[in-house]
Amino acid sequence: MKIAQLLALMLTALALIPVGAHLFALPNKIHLDQANYFVTQGICATALSALFSRG
């Protein structure tokens, strides 16, 4: 039973990491207009995909 609880806790924490990342980045992006916001999001998505690619 303790293994199941630990696994549930770890999976929940893993699922919440992206949400936390977006919340911590929001104060830096809140002042951007729409065009610059989407440019920033594109840069972040490109950097994230480069980080996890196996090329």
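Residues numbered from 1 in each chain as written. Predicted model: local features only at pLDDT ≥ 70, side-chain atom pairs only at ≥ 80, totals over all residues. Heavy atoms only, no water.

**Student:** Teacher, can you tell me more about the overall build of the chain here?
**Tutor:** Helices and strands together make up the secondary structure of the chain, namely two helices and zero strands. Relative to the globule expectation of 10 Å for 55 residues, the C-alpha radius of gyration of the chain, 16 Å, shows a markedly less compact shape. Over its C-alpha atoms, taken along the principal directions, the chain stretches across nearly 50 × 30 × 10 Å. For the chain, the residues scored as buried account for 2% of the 55 residues in total. (Helix = DSSP H or I, 4+ residues; strand = E, 2+ residues; numbered from the N terminus. Rg over C-alpha atoms; globule rule 2.2 N^0.38 Å. Buried < 20%, exposed > 50% of the residue type's maximum accessible area, 1.4 Å probe, protein only.)

**Student:** Teacher, can you tell me more about the side chain of K29 here?
**Tutor:** By the secondary structure assignment, K29 is in helix α1 (residues 2–29). Buried and without a salt bridge, K29 has D33 as its closest oppositely charged side chain, separated by 13 Å. Once you skip the residues sitting within four places of it in the chain, K29 turns out to touch Y37, T40, Q41 and C44. (Lys, Arg positive; Asp, Glu negative; His and termini not counted. Salt bridge = Lys/Arg side-chain N within 4 Å of Asp/Glu carboxyl O. Contact = heavy atoms within 4.5 Å.)

**Student:** Honestly, a nonpolar patch on the surface in this entry has me stumped. Any pointers?
**Tutor:** A cluster of nonpolar residues, L7, L11, L14 and I17, forms a patch on the protein surface that exposes about 410 Å² of accessible area. Within the secondary structure, L7 sits in helix α1. (Patch = residues over 30% accessible without salt bridge, like charges linked within 9 Å, V, L, I, M, F, W, Y side chains within 5 Å. Areas by Shrake-Rupley, 256 points an atom, 1.4 Å probe, with all protein chains shown as cover.)

**Student:** Explain the environment of Q34 to me, please; I cannot follow it from the model alone.
**Tutor:** Summarising the element assignment, Q34 is placed in helix α2 (residues 34–52). A sequence separation of eleven residues divides Q34 from L23, and the C-alpha atoms of the two residues are 18 Å apart.

**Student:** How should the packing of aromatic side chains be read in this particular structure?
**Tutor:** What describes a pair of aromatic rings is the distance from one ring centre to the other and the angle between the planes of the rings. If you walk through the whole model with that rule in mind, you get one aromatic pair. Ring centres 5.8 Å apart and planes at 70° place the aromatic pair Y37 and F38 in the edge-to-face group. (Phe/Tyr/Trp six-rings, centres within 6.5 Å; stacked < 30°, edge-to-face > 60°.)

**Student:** Any chance you could explain α1 here in plain terms?
**Tutor:** Working note: α-helix, 3.6 residues per turn, so residues spaced by three or four point in the same direction. Along its 28 residues, α1 runs 41 Å from first to last C-alpha, staying within 8% of the 40 Å computed at 1.5 Å per residue. Most pronounced at I17, the bend in α1 amounts to some 35°, and the proline P18 follows within four residues. With respect to burial, α1 is a largely exposed element, only one of its 28 residues being buried. (Expected span 1.5 Å × (residues − 1). Bend = angle between axes of the 7 residues up to and from the residue.)

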